[in-house]
Amino acid sequence: MSFRTPSIPHLATLQHLSQHHALPIYVVGGALRDALLGHACQDIDLITPGDPTPIAQAFSKQQSGHWFWLDQQRLYSRVIVNEGNTALQYDFAPFRADTLDEDLRLRDFTINAIACSVDDPTQWVDPLSGQSDLENRLLRECSEQSFSDDPLRMLKGLRHCAQFGLSIDQATWQHCQNEAPQLVHVAGERIRQELAVLLAQPSPQHALHLFHQSGLAQAVGFPELDNDRNFPSVDRARLRRFFPQAEKAFFHDLCDEFNFDSFVKLCHYFSMLTEDTSKLDELLSRVKMSRKGARLATFVHRFCRADTTMIHHQVTPDRVRLLWLEDLRAPLPEALLLLGVMERREVMLTCWQRLYALCDELLVNGRVRPLVSGARLQELCSDCSGQALGKLLKKLRQAELKGTVATPQQAENYLIQWCESH
């Protein structure tokens, strides 16, 4: 059957290497699926009926790329080739079975079980009618063993639904519900990676509801959904206007596999769950969230449940606002950018922008610079140390939050009066 010819970067090099090593090379999976959808190919999966490592290494050398192992035992490797601002990814692997047809039948979904030879990209192998399923926007498993072979495929399927606007074949949905408890055996970081891609989609809420309806969420300890609010969207033009100095940060990863957009959706998703903050640490631990990601997520959770009257009051000094955020254990300054992404009120967006601009002046190692230096503190409170000094600094901080201390001189006067009375 003749298909649309995919636009595969460096195809001529792959053809030459296939002939030179006398080993057929096949493009398989996502690259062909994306070609059918009219999308450009940036991640290309290549398989051979033998060890592809010499081809992968030669390809990397010819394209000035970077070759490395993904799984040396299974002979999986990857080559990254930089083309301007685009990083092209080529994954090389041997057949999973004796023949190409059998290999395709071992894959996850029919829309990913299509292949073509690099020698003739117009002739595709499609034993499970993946093209027809894609045209009908249908997600269908390759076999009844697809999910038992790798339970993460169930979550990947929901991500495909959000990514490509697919509905789920009834038999596939039934198998997903039956196999959902097996997701508990999947490594947490793999679950996190799939959730990150799912939440990067413009409209992930339906897929997240399927995540819960299927039993997958419950299998890994996620509570029930409490409501059905729409997910926030990020106005990038607005962010460029308010945070020009942080523009690059908004379009790169924030932590783990999340950028600012998908991380806001993650925080929004957590807020939709029925459990309180005490369970959030368990969820973050289950998906192996990094320390930075966990700190940001728990801060947003606290912020959305805190009394923000003081921080929103127009007369509150900016330094006091930063102290208040620090008391919520906000990872500054990234937390200010995150609040800027979440904010809908123009006046508060201006506030977060102003605080972010002041961070270089007011923060030291992510914490608000004390009004009194350490050396001056020792001069003023030479007889105070240990726990007593810690309590004194806490009282000074509370006085600053209440507005009774606002300047270095007022802070020194407060310390002198306290030492004289004690």
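Given the structure is predicted, the values throughout are model-derived calculations rather than measurements.

1. Section: the packing of aromatic side chains
A full pass over the atoms with the stated rule returns 13 aromatic pairs. With a centroid separation of 6.1 Å and 20° between ring planes, the pair formed by Phe 222 and Tyr 269 is classed as stacked. With a gap of 47 residues between them, Phe 222 in the loop between helix H11 (216-219) and helix H12 (236-242) and Tyr 269 in helix H14 (residues 260-271) connect regions that are remote in the sequence. Tyr 269 gets classed as buried once you look at its relative accessible area, which sits at 1%. Taken together, the ring pairs in this structure connect Phe 211, Phe 222, Tyr 269 and Phe 270 into an aromatic cluster.

2. Overview of the nonpolar core
Ranked by internal contacts, the top residues of the largest apolar core, which has 111 residues, are Tyr 90, Phe 211, Phe 222, Phe 243, Phe 263, Leu 325 and Trp 352. A per-element tally of this core places helix H20 (residues 346-362) first, with eight residues. Beyond its immediate chain neighbours, meaning those up to four positions away, Phe 222 contacts Leu 195, Phe 211, His 212, Ala 217, Tyr 269, Phe 270, Leu 273, Leu 283 and Val 287. Core analysis: the second largest hydrophobic core is formed by 13 residues, Leu 371, Cys 384, Ala 411 and Trp 418 among them.

3. Things to note about unusual backbone geometry
For the bond from Leu 332 to Pro 333, the omega torsion is 5°, close enough to zero to count as cis. Assignment of secondary structure puts Pro 333 in the loop between helix H18 (318-327) and helix H19 (334-342). Residue Ser 64 is not a glycine yet carries a positive backbone phi of 55°. Among the secondary structure elements, Ser 64 is positioned in the loop between helix H3 (53-62) and strand S3 (66-71). For Leu 75, which is not glycine, the phi torsion reads 65° and is therefore positive. As for its placement among the helices and strands, Leu 75 is situated in the loop between S3 and strand S4 (76-83).

Definitions and cut-offs
Residues numbered from 1 in each chain as written. Predicted model: local features only at pLDDT ≥ 70, side-chain atom pairs only at ≥ 80, totals over all residues. Heavy atoms only, no water. Phe/Tyr/Trp six-rings, centres within 6.5 Å; stacked < 30°, edge-to-face > 60°. Helix = DSSP H or I, 4+ residues; strand = E, 2+ residues; numbered from the N terminus. Buried < 20%, exposed > 50% of the residue type's maximum accessible area, 1.4 Å probe, protein only. Core = buried A, V, L, I, M, F, W, Y, C linked by side-chain atoms within 4.5 Å. Contact = heavy atoms within 4.5 Å.

These values are about where atoms sit, not about what they do.
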